[in-house]
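# Summary of structural features
Below are the chains, spelled out letter by letter.
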Amino acid sequence: MINLAQRDIVHSLGKFVTTAFGVGMLIGVVLIMIGVYRGMAHDAMIVPNDIAPDLWVVQKDTLGPFAENSRLHEDLKYALRGFTGVQEVYPLTFQSLQILQGIKPIRVYAMGYEAGGAFTPYRLSEGRAIAIPHREIIVDTKTKFNLGDRLHLGRNTYTVVGRTHKAVSSGGDPMIYLDLDEAQELQFLFSNEQIRNDRVRGGSPSTATVNTFALRLEEGYATWNVAKEIGRWKHQQVYTAQEQEEILTKNLIERSAKQIGMFTVILLIVSSVIISLIIYTMTIGKMKEIAILKLIGASNFTITKMIGQQSLLLGVLAFIGGNLFAHASADYFPKTIILIPTDAMKLFVVVVVVSILASLSGIRTALRIDPASAIGG
Amino acid sequence: MRDPVIKLEGIHKTYGSGESAVSAIKEASCEIYSGETVALLGPSGSGKTTLITMIGCIIEPSGGKLHLNGQLIYEGTWQVKDTRKLRRERIGFIFQSHNLIPFLNVRENVTLVPQMNGVSTAEANAQAQSLLEYLGVGDKMEKFPSELSGGQSQRVAIARSLANNPKIILADEPTAALDAERALSVMQLLRSLAHEQEVAIVVVTHDERMLPLFDRILRVEDGYVREEKPAII
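Residues numbered from 1 in each chain as written. Chains lettered and ligands numbered in written order. Predicted model: local features only at pLDDT ≥ 70, side-chain atom pairs only at ≥ 80, totals over all residues.

Here we take up the nonpolar core. Residues B:L40, B:A159, B:I201 and B:V202 are the most contacted members of the largest nonpolar core, which totals 165 residues. Of all the elements, helix α2 (residues 13-51) of chain A adds the most residues to this core, at 16 residues. Lining this core are residues from two domains, each supplying at least three of them: domain 1 (4-43 + 255-374) and domain 2 (93-178 + 196-210) of chain A. Those residues in contact with B:V202 that sit more than four places away from it in its chain are B:I32, B:V38, B:L40, B:I52, B:I55 and B:L170. (Core = buried A, V, L, I, M, F, W, Y, C linked by C-beta atoms within 7 Å. Buried ≥ 20, exposed ≤ 12 C-beta atoms within 10 Å, placed from the backbone. Helix = DSSP H or I, 4+ residues; strand = E, 2+ residues; numbered from the N terminus. Domains from an automatic or database assignment. Contact = placed C-beta atoms within 7 Å.)

Below you can see the structure in the form of structure tokens.
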């Protein structure tokens, strides 16, 4: 039996492919939106995963250090090291900075850590770790700084000694890493006038503060037990790695995720409407042919099959085009886009359902066409 | 005595109801036999197309009786379940403009109806080839309608109408889009087809020059159908 849908498509292939490409772009955007959400969840966990602590100690009653501000005295580290089961305590600072790459300002997220030791809270793609905690810096490749480049932060100039690849903050800003003392200096970089003013007022704020302590425990100690002890004696907030992940993925990106979800739903609705309109227009364009087919005896099933197959093929082609478009363009977006096969499969099911639903308006129109309209001029 | 392949008994058709009702065909009764060519003549709006679409089971009459191939098809309501299937299996149609499906090539246009009737592709292709060769367009099998001349297209349309081996062919002004020479050629072809293949061919026409080629003439006027004597050729 002749496949009418296939013959019609082949006969006007250019038009069909162009239409599918247009719908494909829309589907590609839907896929990218889902990828943006996945990217946000992924980015949010890069820094915590690189640090990989068992416990996070942050300021009491805060969701720090990523979701809320947290300030702790640095000397708390000595007390924390005294707790049973605690193997290592790493004081860390975090701050957003705007630096100049040539003449172009770029936002970065700076982590301060006790450099020079074995602890390196990053994965180097080239270069080395900070060996001497004095004006050396690690940057991410996204900053476009190269090894040996010098960059200005505050009143000092730093030399790039190592580079990471795709290390970004939960906001998508590239990471830079520097020694804790230098990071603290940057955080409290007051003007001479303010320092003088503070002295007259009776003191100046301590710069020896950190945003969090990352704790690694000795083997065999239960994280919840150590967390309970620290909370009880030091009156600070302690989160396990799992709890910190929940804070990051739920609290921090939840609103953005909802926003993206809304956009995705709207885009899907727009895509459905556009596919419906295209199928409807394609059917209207074939009214005469459909009338002839009915007149010479083609069954409703034959006509429904023709429109349904075209609609489905349009959806499938558009999905393939959209997928190719999304994969080809993902790396050019400023934020991380993660495209995973399961999302694509779910979207494929949605596209198939949408295509079938979209064909209904065309089928309804086709079935109403009067075969008698084929008679006459 | 032969049985008519088309028999109309008091067929009539009214559009609308009440005060706005319009009677397109008030009364049509006639018998048409296989091998006959019958012209349906009449001015515009006289009801020719309404009559032919009722015979073709495309629109439902408002009353009367319709028999095709000896079977009662309509009496107050359709007497067959699927009129579209009936058209597909028993009637061939030829239109004013050729009305070939533009996205199917000549072979596919001709084999479409037989294939819808369950004939195998190979058998339908073989039949299409012999029909198209008989009609002088055998070399156009793989061409699309847009690549054919008006006369060639109409010959393909005739081949399509014959593809399901019908005993009835209904043609709506099949020569209207053709010049006089080609129109005459197509009408001669239809006449020889009717005689050679024992097909009843009913043709709606305005062209009185073609009338000598018909065996019978039915004139439709003011909703009534009456028979005229044909000119002798």
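Per the domain assignment, the segments making up chain A are domain 1 (4-43 + 255-374) and domain 2 (93-178 + 196-210). Computed from C-alpha coordinates alone, the two centres of domain 1 of chain A and domain 2 of chain A are separated by 48 Å.

All names here are of chain B. Following the sequence through the fold, M54 ends up in helix α1 (residues 48-55). Of the residues examined, M54 has 25 C-beta atoms within 10 Å and is grouped as buried. The sequence separation of M54 and V225 amounts to 171 residues, and the corresponding C-alpha distance is 14 Å. If near-sequence neighbours (up to four positions away) are discounted, M54 is found in contact with I11, K13, I59, P61 and L66.

On to the packing of helix α3 (residues 106-116) of chain B against helix α4 (residues 121-134) of chain B, then. Residue and element names in this part refer to chain B. Relative to each other, α3 and α4 sit at 125°, their axes nearing to 9 Å. Relative to α4, the element α3 is oriented oblique. The two elements α3 and α4 cross, and the hand of that crossing is right-handed. The residues of α4 that touch α3, namely those facing V106, R107, V110, T111, P114 and Q115, are T121, A124, N125, Q127, A128, L131 and L132. Across the contact of α3 with α4, the residue classes tally to seven nonpolar, five polar and one charged. (Axes fitted to C-alpha atoms, helices over the stretch in contact; angles between N-to-C directions. Parallel < 35°, antiparallel > 145°, perpendicular 65-115°, else oblique. Left-handed = near helix turned anticlockwise from the far one by under 90°. Nonpolar A, V, L, I, M, F, W, Y, C, P; charged D, E, K, R; others polar.)

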